[in-house]
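# Working through the structure, step by step
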Amino acid sequence: MAKHLSANRLRWDLTPEDIKTQAEELKKSSLAVYDAVGSVPKDQLTFNNIIKALADNDCEYGVKRNMLDFPQHVSPSKEVREASTEADKKLSDFDVEMSMRQDVFDNLVAFQEKADASSLKPEAKRYLEKRIKYGRRNGLHLPKDVQDKVKALKKRASDISIDFNKNVNDENTILEFSEAELGGLPEDFIKRLEKTSEGKCKVTLKYPDYFPVMRKAHNPETRRTMEVAFNSRCKVENTKILEELVEIRAKLAKLLGYSTHAEYILELRMAKTPTTVSSFLSGLAEKLRALQQDELQGFLKYKEEDCKKYGYPYDSKINLWDMRYFMNMAEEKRYSVDHNKLKEYFPLEKVIQGSLDIYQNLLGLKFEEVPKDQAPVWNDDVQMFSVTDTETNQFLGFFYLDLFPREGKFSHAACFGLQPGCIAPDGTRQPAIAAMVANFTKPTPESPSLSTHDEVETFFHEFGHVMHQICAQAEFRMFSGTRVERDFVEAPSQMLENWCWHAEPLGLLSAHYKDGSPLPDNMVEKLVQARNANAGVFNLRQILLGTFDQTIHTQDKADTQTVYSKLSNSILGIPASPGTNMCAAFAHLADGYDAQYYGYLWSEVYSMDMFCSRFKKEGILSQKVGKEYRKFILEPGGSIDAMDMLRNFLGREPSQEAFLTSKGLKL
């Protein structure tokens, strides 16, 4: 393993000053490449002095850029996070400048017209075509005054998007409740909470605190306080930012010849047009409406019983702070799924080990943890693993696991590509490196970290993205890892979530934290039966988010609070809480999912088709199918169109049938 550590070019010991200096040096070295490519005379253009020169720079720049801007999400040091955020802003401005180099664009177009461009390998040809397409989408075929406006708007959008996410990461509200106000929460949850001098429990808005309270606290006032605080995060500062982003995106789209930002974005996606997305979301909403109505009626019945039981006033409506509580109750009552009991069988260590074992077996890989004294990490909690192919013994890369909350850390769960797997300037293959960043409950000497089934699914999903990063074998950084169409990027990971809903893999992911006993068959059966519990409400919430995203990005400006509130009523059937604006902490709208949040549901269509057509039929843990999945879906990265990858794996055109059935809908 030691010999491979030198392939890791990332450093996590940079000081704020180092970050600042290296950002300037990176800009200089990259600028020199663009200057050289832009100054090649038209009659002397070659593959080496234009395509290879740019691709080599992409590879070098990608490693160093990620090393400088990733710390803003994970560094324990506030000063380092701030330096990283500033570096990200400066480098994002620089990225805009370089993406709008007229001389480089003109040389790319000129090279495409040369005879030897037709003899390019398919991936190199795709790289050239994409570069030119991106140039046109940046307005490089338009007059200089228009380009200057585009450049200024893109820089502003980039800067304030970084601020938006920084605000979400820095949010650190703490609420205080008495133990009585947290009635219904399990003892292990109450025990691990920090206490005030008066004996009150300190509860944060981070996921390991928020979700248990919303699901189990029987006091509606406790849930209301939590929900209102949660959906008011960053409301003042981020509502302004989001609404400015909407205006900037609309202006940019019009300058570039598109009617809306959604039209501009979707041109390069599988869906292609806003009309297709709108039909997909509204059509699915219509199909789910009967399920939702039935579920909401059930919630009201439970609410009436619950209010009588605990002596709370009954108001004959489901509020947003009721939603998760009664969704949880529906699972317990209709399917006898006791999530507190279930948690006891999912200690996080077992979940991690079981997940890694399944992935290794399925994809033909071998993971080895890098000893702590050799692993370059940014925090003591972080683990690092190497990945090799079991058949060829080829070293593929490294991944990091950073799983527990801490102040200033990225507040959701995500995979970050850190070192792109691609061909390096010297012609050798640069191994891929990725990090999974999440916020699970941290174990203590007194209490283990027990995972909800949702958290098991989250781990499996995000680790699927890690595998996509590591297994992709594209030659160019532009197509490395998860750099596929954005409305397909979730499909490979969503497909793998299915393992969390079948007996054989569940057996590998679970063992009782006290005695290691297996998850009982009857609990597995109940859990699997409950998969479609609340399918109407759960999926209509996803449709609400996707529709909100499309709505604001087909307008010139938007009052986000009002738009979201109206859509929540009409689609979800549950009103947004007065005075809140959930969208102010909807980080996806500022980190690359703008006008494409629908992609989660859209890509689920393909994920269910892949799972049901191949794995369910041929064996959930089939190494043969796993090998083909790796070959046809993970290895290409973005080097071919997603639809072609699907056809290659499925052996036919994709279908919606498995997706609709998975939602409990009759065809």
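In what follows, the accompanying structure is described. Worth saying up front: this structure is predicted, and the values here are computed from it rather than measured.

Attention now goes to unusual backbone geometry. For Cys234, which is not glycine, the phi torsion reads 55 degrees and is therefore positive. Its location among the elements puts Cys234 in the loop between helix H11 (220-230) and helix H12 (235-255). Here Ser316, not a glycine, exhibits a phi torsion of approximately 50 degrees, which is positive. What makes Ser316 partly exposed here is its relative accessible area of 49%.

So, about the packing of helix H15 (residues 320-335) against helix H22 (residues 535-552). The contact between H15 and H22 brings their axes to 11 Å, and the two run at 145 degrees. Mapping the contact onto sequence places Met323, Arg324 and Met327 in H15 and Val537, Phe538 and Arg541 in H22. Considering only residue class, the contact of H15 with H22 consists of 4 nonpolar, no polar and 2 charged.

This next bit is on the pattern of salt bridges. Going through the model one piece at a time under the given rule, you end up with 48 salt bridges. A salt bridge links Asp322 to Arg223; the nearest nitrogen and oxygen atoms lie 2.8 Å apart. Note that Asp322 is positioned in helix H15 and Arg223 in helix H11, a separation of 99 residues in sequence. For the pair Asp322 and Arg223, a shared accessibility class is recorded, and that class is buried. Between Lys627 and Glu391 there is a salt bridge, with its nearest N and O atoms 2.9 Å apart. Taken together, the residues Lys627 in helix H25 (residues 623-634) and Glu391 in the loop between strand S4 (383-389) and strand S5 (395-402) connect sequence positions 236 residues apart. For Glu391, a relative accessible area of 61% translates into the label exposed. Each of Arg65, Asp69, Asp88 and Asp95 takes part in salt bridges that share partners, so that together they form one network.

This part covers the pairing of strand S9 (residues 432-437). Taking burial as the measure, the 6 residues of S9 include 6 buried ones, the bulk of the element. Burial along S9 is two-sided: the residues Ala432, Ala434 and Met436 and Ile433, Ala435 and Val437 are all buried. In this sheet, S9 lies alongside S5 in parallel orientation, the contact comprising 6 bridges. Each residue of the ladder has a partner; that of Leu401, found in S9, is Met436. The sheet contact formed by strand S6 (residues 414-419) and S9 spans 5 bridges and is antiparallel. Directly across from Gln419, in S9, lies its bridge partner Ile433.

What follows covers the side chain of Asn581. Following the sequence through the fold, Asn581 ends up in the loop between helix H23 (560-572) and helix H24 (599-618). Classification of Asn581 as buried rests on a relative accessible area of 2%. Beyond its immediate stretch of four places on either side in the chain, Asn581 contacts Asn231, Lys235, Thr239, Thr560 and Gln561.

Here the focus is the packing of aromatic side chains. Per the counting criterion, the structure on display carries 38 aromatic pairs. Both rings, one in Tyr127 and one in Phe476, keep their centres 4.7 Å apart while their planes meet at 25 degrees; by these two values the pair is stacked. On the criterion of sequence distance, the pair formed by Tyr127 in helix H7 (residues 122-137) and Phe476 in the loop between helix H18 (453-471) and helix H19 (491-497) is long-range, its members being 349 residues apart. The exposure class of Phe476 is buried, given its relative accessible area of 7%. A ring pair is formed by Tyr210 and Phe230, whose centres lie 3.7 Å apart and whose planes are at 10 degrees; its orientation type is stacked. In this pair, Tyr210 sits in helix H10 (residues 207-216) while Phe230 sits in helix H11, placing the two residues 20 residues apart along the sequence. Phe230 carries the same exposure label as Tyr210, and that label is buried. Of the aromatic side chains, those joined through ring pairs into one cluster are Tyr359, Phe367, Phe385, Phe399, Phe440, Phe459, Phe460 and Phe463. Seen from the ring of Tyr264, Arg137 lies directly overhead, with NZ or CZ sitting 3.9 Å from the centre.

What counts, and at which threshold
Residues numbered from 1 in each chain as written. Predicted model: local features only at pLDDT ≥ 70, side-chain atom pairs only at ≥ 80, totals over all residues. Heavy atoms only, no water. Helix = DSSP H or I, 4+ residues; strand = E, 2+ residues; numbered from the N terminus. Buried < 20%, exposed > 50% of the residue type's maximum accessible area, 1.4 Å probe, protein only. Axes fitted to C-alpha atoms, helices over the stretch in contact; angles between N-to-C directions. Contact = heavy atoms within 4.5 Å. Nonpolar A, V, L, I, M, F, W, Y, C, P; charged D, E, K, R; others polar. Salt bridge = Lys/Arg side-chain N within 4 Å of Asp/Glu carboxyl O. Pairing = 2+ DSSP bridges. Phe/Tyr/Trp six-rings, centres within 6.5 Å; stacked < 30°, edge-to-face > 60°. Lys NZ or Arg CZ within 6 Å of the ring centre and 35° of its normal.

By themselves, these are just geometric observations and shouldn't be taken as functional.
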